[in-house]
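Tertiary structure, described
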Amino acid sequence: MSAQADPTQRVAIGLSFGNSYSSIAYTTGEGKAEVIANEDGDRQIPSALSYVEGEELHGGQAKSQLVRNSKNTVAYFRDLLGQDRFKSIDPSPCHQSAHPLESGNGVAFSIRDTEEEKENTISVGDITARHLRRLRTSASDYLGKAVNAAVITVPTNFSDAQKEALKAAAKDAGIEVLQFIHEPTAAVLAYDARPGAQLADKVVVVADLGGTRSDVAVVASRGGIYTILATVHDYDVSGFKLDQVLIDHFAKEFIKKHKSVGDPRENERSMAKLKLECEAVKKALSIGTTANFSVESLLGGVDFTATINRTRYDLLGSKLFAAFTRLVAHAVEKAELDPLDISEIILAGGNSHTPKVASALRANFPDTTTILAPSTSPTAINPSELAVRGAAIQASLIQEFELEDIEQSTHPMVTVTPHLSTAVGVLCISGDESSGVFHAIVDAETPLPVRRTATIATPREGGDVLIKLAEGSRHIKVTKPEPKARKEDDSAEEDNDSDDDDSDEEAELREKTWKVGKTLSEAAIRGIKKGGKVEIQINIGADLSINAIFREVGGKGGIRGIVQGQKANGSA
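So, a few notes on the structure that sits alongside this text. (Residues numbered from 1 in each chain as written. Predicted model: local features only at pLDDT ≥ 70, side-chain atom pairs only at ≥ 80, totals over all residues. Heavy atoms only, no water.)

1. Focus: the overall build of the protein
For the protein, the count of helices and strands is 13 helices and 29 strands. A total of 572 residues make up the protein; the buried ones form 48% of that total. Here the analysis covers contacts within the protein between residues at least 6 apart in sequence; of these, 66% occur between residues at least 24 apart. A total accessible area of about 27800 Å² is found for the protein, and carbon and sulfur atoms account for 47% of it. (Helix = DSSP H or I, 4+ residues; strand = E, 2+ residues; numbered from the N terminus. Buried < 20%, exposed > 50% of the residue type's maximum accessible area, 1.4 Å probe, protein only. Contact = heavy atoms within 4.5 Å. Areas by Shrake-Rupley, 256 points an atom, 1.4 Å probe, with all protein chains shown as cover.)

As structure tokens, this is what we get:
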């Protein structure tokens, strides 16, 4: 019986399909996500296929063919899938492998994939199906049972046409796609599903410095529901660019020592050797402080060896690290947030192993923002495995559901729910006070309907307390130090004072405060004990209607009220 006919027959995995690397994972009986190694022992499997006299090589074996057999090696093809306009694709990542060409309504490759001498035109959909089939085989061999379903990760800007093309390729590979999950959502899920992890309302940035592009997403996590607030993508900030600075560095070193031989970047085979070795150097510098570069017969039969330390590498890549940091800051601005609003930055993608990526972000975000990367946090998950772990967890949650139910639950009519535009909270006012401190109970960007309960300390003197239910928006309060008094008796001293003013500006204090907006309702609780606390429960419906309950902790009864006429501020 097929998995589609009987969901209990499904054997589902998580599958991350990237331009550079792919990975597969499953969830153990204890609910822990484990990344599966292929037959070569690779957990990060190059998204590449190569053909030698009709034999299909896959993953690392295929990638090694980029030097000797580049025309029959297909790589970096993920983003070409589902593209019906050939002129709109960027073929530059494929320059060291088989070149894409226009075929009918899509993209294809001309390769010798059989023992015959002639070349065959293979569509990118067929190449994807072959790649997924090999991943499925590796997973099945590891698990000892036939894998037939998967949750697959995709970028946030993957179009419906690309998803349909990927779904068709998966079907050809014998894989039923249970769901597509966005890569940043999968990354946040991987962290939230860890044993002992406590769910809390937070705003997370997932920053992925990938091989061919960078993807940054700002995600609001509210009660375990994830909402993507903003995304940014940049093909000019990528691991390829990091490879290129190393390629240029070692090429120049080679030319210095062997001027008469020439520039290895101008020879296709030498360039392929340079690229593969520079990738290895980059990985080594993520772990250690120095790395060796060694290539046999780099150009003209000349062997070349060199060394580089991490400080030099950080200097060479400084422009790219700065550009990635600006990209993250731009995503935060696009979400109309301040760096102080960001609870965590999760670094994803293989290039995030580079310590300088994390340290550059650390220098540009406040101490209240946690940077989750191997170099900054001992509990950080391997950035290369984040997406696939999240996909495996999602697969374990939904694998026994009917496909129709899964499709209905992910339909836009269901998933595009109304959200709060501003926070809703309370002010507790006692005696002669004119205003109190605002306590946010339901954060902005929370999907509706929602119920939240909070315990708030009342003013210490107790007595009668007025509780105001109100909207609140975050406000960044900037406190500048008092300017130093100018000395008028000497112009040179005035110049010095202006320098001091500049340093004062740098030392300004930024803190997050609440700006109280519209009052939604008021309630008075009489005779609260000295130092007492009030429990407040807020229910906000999908129609933005509000139902609130206020009561003294340990006291009898309480005040219940439905806010008439007033509704919370929200957006669909």
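2. Topic: a negative patch on the surface
Together, Glu53, Glu55, Glu115 and Glu116 make up a negatively charged patch on the protein surface. Summarising the element assignment, glutamate 53 is placed in the loop between strand E5 (48-52) and strand E6 (55-58). (Patch = residues over 30% accessible without salt bridge, like charges linked within 9 Å, V, L, I, M, F, W, Y side chains within 5 Å. Salt bridge = Lys/Arg side-chain N within 4 Å of Asp/Glu carboxyl O. Lys, Arg positive; Asp, Glu negative; His and termini not counted. Charge placed at Lys NZ, Arg CZ, Asp CG, Glu CD.)

3. What about the sheet that holds strand E7 (residues 73-75)?
Sheet strands line up and pair through hydrogen bonds in the backbone, either parallel or antiparallel. Across the sheet, three strands lie side by side as E6-E5-E7; this open sheet has antiparallel pairing. Looking along the sheet, the strands with just one partner apiece sit at the ends: E6 and E7. The average angle at which neighbouring strand axes cross in this sheet is 15°, direction not considered. Pairing of E5 with E6 involves four bridges; the strand directions are antiparallel. Residue pairing across strands places valine 52 opposite glutamate 55, the latter belonging to E6. (Pairing = 2+ DSSP bridges. Axes fitted to C-alpha atoms, helices over the stretch in contact; angles between N-to-C directions.)

4. Considering helix H4 (residues 183-192)
Among the ten residues in H4, ten count as buried, and that is most of the element. Considered for burial, the residues of H4 that qualify are Glu183, Pro184, Thr185, Ala186, Ala187, Val188, Leu189, Ala190, Tyr191 and Asp192.

5. Here we look at the sheet that holds strand E24 (residues 463-479)
Strand order in the open sheet formed by four strands is E22-E21-E24-E25, with antiparallel pairing between adjacent strands. Looking at the sheet topology across the chains shown, the edges are occupied by strand E22 (438-442) and strand E25 (509-528). Strand-to-strand twist in this sheet, taken as the mean axis angle between neighbours without regard to direction, amounts to 35°.

6. Brief notes about the pattern of salt bridges
Applying the stated criterion across every chain yields a total of 24 salt bridges. A salt bridge links arginine 10 to glutamate 176; its shortest N-O distance comes to 3.0 Å. Of this pair, arginine 10 sits in the segment before strand E1 (12-17) while glutamate 176 sits in strand E12 (residues 176-182), and the two are 166 residues apart along the sequence. Assessed through its relative accessible area of 8%, glutamate 176 is described here as buried. Of the charged contacts in the structure, one is a salt bridge between aspartate 79 and arginine 78, with a shortest N-O distance of 2.7 Å. Like aspartate 79, the residue arginine 78 is buried in the burial classification. Each member of the salt-bridge network shares a partner with another, and the members are Lys63, Asp243, Lys275, Glu279 and Lys282.

7. Thoughts on the packing of H4 against helix H10 (residues 386-398)
Put simply, H4 and H10 touch, their axes get as near as 7 Å, and they point 75° apart. Taken as axis vectors, H4 and H10 run roughly perpendicular relative to one another. Contact with H4, carried on its side by Glu183, Ala186, Ala187, Leu189, Ala190 and Tyr191, involves Leu386, Ala387, Arg389, Gly390, Ala391, Ile393 and Gln394 of H10 and no other residues of that element. By residue class, the composition of the contact of H4 with H10 is nine nonpolar, two polar and two charged. (Parallel < 35°, antiparallel > 145°, perpendicular 65-115°, else oblique. Nonpolar A, V, L, I, M, F, W, Y, C, P; charged D, E, K, R; others polar.)

8. Here we look at the packing of aromatic side chains
Summed over all chains, the structure comprises eight aromatic pairs. Ring geometry for tyrosine 313 versus phenylalanine 321: centroids 6.2 Å apart, planes at 90°, classification edge-to-face. As far as burial versus exposure is concerned, tyrosine 313 and phenylalanine 321 are alike and both buried. An aromatic cluster is present here, built from Phe250, Phe254, Phe293 and Phe304 joined pairwise through their rings. (Phe/Tyr/Trp six-rings, centres within 6.5 Å; stacked < 30°, edge-to-face > 60°.)

9. Brief notes about the environment of arginine 130
Relative to the assigned elements, arginine 130 resides in helix H2 (residues 124-143). For the pair arginine 130 and histidine 58, spaced 72 residues apart in sequence, the C-alpha separation works out to 9.4 Å. Those residues in contact with arginine 130 that sit more than four places away from it in its chain are Leu49, Tyr51, Glu56, Asp113 and Ile122.

10. Section: unusual backbone geometry
With omega at 0°, the peptide bond leading from leucine 448 into proline 449 counts as cis. As for its position among the elements, proline 449 is in the loop between E22 and strand E23 (450-457). Phi angles above zero are rare outside glycine, and glutamate 336 is one such case at about 60°. Position of glutamate 336 relative to the elements: it lies in the loop between helix H8 (318-334) and strand E18 (344-348). The class of glutamate 336 is exposed, set by a relative accessible area of 74%.

11. Quick notes on the environment of valine 465
As for its placement among the helices and strands, valine 465 is situated in strand E24. Judged by relative accessible area, which is 1%, valine 465 ranks as buried. Once the C-alpha coordinates of valine 465 and serine 430 are considered, the two residues, 35 residues apart in sequence, prove to be 4.7 Å apart. Other than its neighbours up to four places away in sequence, valine 465 contacts Cys428, Ile429, Ser430, Thr458, Pro459, Ala523, Ala524, Ile525 and Ile528.

12. Topic: the side chain of arginine 78
Tracing the backbone through its elements, the reader meets arginine 78 in the loop between E7 and strand E8 (100-103). Among the residues examined, arginine 78 registers a relative accessible area of 5% and is labelled buried. Engagement of the side chain of arginine 78 in a polar contact is seen with the side chain of aspartate 79, the distance being 2.7 Å. Apart from residues lying up to four places away in sequence, arginine 78 is in contact with Phe17, Gly18, Asn19, Pro155, Phe158, Glu183 and Arg213. (Polar contact = N/O pair within 3.5 Å; in protein donor to acceptor, adjacent residues only side chain to side chain.)

13. Quick notes on the nonpolar core
Within soluble globular proteins, side chains that are nonpolar tend to cluster in buried spots. Core analysis: the largest hydrophobic core is formed by 48 residues, its most contacted members being Phe250, Phe293, Phe324 and Leu347. Residue contributions to this core peak at eight residues, all from H8. In this structure, Ile36, Ile127, Val147 and Phe158 belong to the second largest nonpolar core, which totals 44 residues. (Core = buried A, V, L, I, M, F, W, Y, C linked by side-chain atoms within 4.5 Å.)

14. Some points on the packing of H8 against helix H9 (residues 355-364)
Viewed as axis vectors pointing N to C, H8 and H9 meet at an angle of 50°, and their least axial separation amounts to 9 Å. Between H8 and H9, the angle is such that the two are oblique. Between H8 and H9 lies a crossing of right-handed hand. Where H8 abuts H9, its residues Phe321, Phe324, Thr325 and Val328 lie against Lys356, Val357, Ala360, Leu361 and Asn364. (Left-handed = near helix turned anticlockwise from the far one by under 90°.)

15. Description of the layout of surface pockets
Taken as a whole, the second largest pocket spans an internal volume of roughly 920 Å³. For the lining of the second largest pocket, the leading source of residues is helix H6 (residues 268-287), giving five residues. (1 Å grid on protein atoms, 1.4 Å probe; cavity = no way out; pocket = protein on both sides within 12 Å on 5 of 7 lines; lining within 4 Å. Points joined across faces, edges and corners; volume = space filled by probe spheres on them.)

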